[in-house]
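Examination of the molecular architecture
Here is how the chains run, residue by residue.
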Amino acid sequence: MSSSLAFGDLQPGDIFQDGESLYLKLIPVQWEDALSPFANAIQLGHWSLAWMGDQVRIEKRGHQELVIRDGAVQPETWLELD
């Protein structure tokens, strides 16, 4: 599956490509008392947090269900990346 969308059209758990990297859309992440979120995606492979603007054009690649486990939002099953 591949379709060009704006990041704001994705749902948490959607997997997308931006440039050469794959990402998973998260619910916005922020520190307590922060004025605004600092991350809304995580890069798959390096597991680094990222911020994408709502109008960034991306290529949707799939979806991974997210669950709350031990107080943290996590993919239901971890992806094996080649």
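Data block above holds the structure.
Residues numbered from 1 in each chain as written. Predicted model: local features only at pLDDT ≥ 70, side-chain atom pairs only at ≥ 80, totals over all residues. Heavy atoms only, no water.

This model, assessed by the stated rule, comprises two aromatic pairs. Ring geometry for Phe16 and Tyr23: centres 5.3 Å apart, planes at 15°, overall stacked. By the ring-pair criterion, three or more aromatic residues cluster together here, those being Phe7, Phe16 and Tyr23. The positively charged end of Lys25 is found above the aromatic ring belonging to Phe7, 4.5 Å away from the centroid. (Phe/Tyr/Trp six-rings, centres within 6.5 Å; stacked < 30°, edge-to-face > 60°. Lys NZ or Arg CZ within 6 Å of the ring centre and 35° of its normal.)

Relative to strand S3 (residues 21-29), strand S2 (residues 14-18) is paired through four bridges, and the arrangement is antiparallel. When the sheet's bridge partners are listed, Ile15 is paired in S3 with Leu24. The turn joining S2 and S3, which pair antiparallel and follow one another in sequence, is formed by two residues; a positive phi near 70° is taken by Gly19. Pairing of S3 with strand S4 (residues 39-43), which is carried by four bridges, proceeds in the antiparallel orientation. Residue Val29 lies in a different strand from S4, and its bridge partner there is Ala39. (Pairing = 2+ DSSP bridges. Helix = DSSP H or I, 4+ residues; strand = E, 2+ residues; numbered from the N terminus.)

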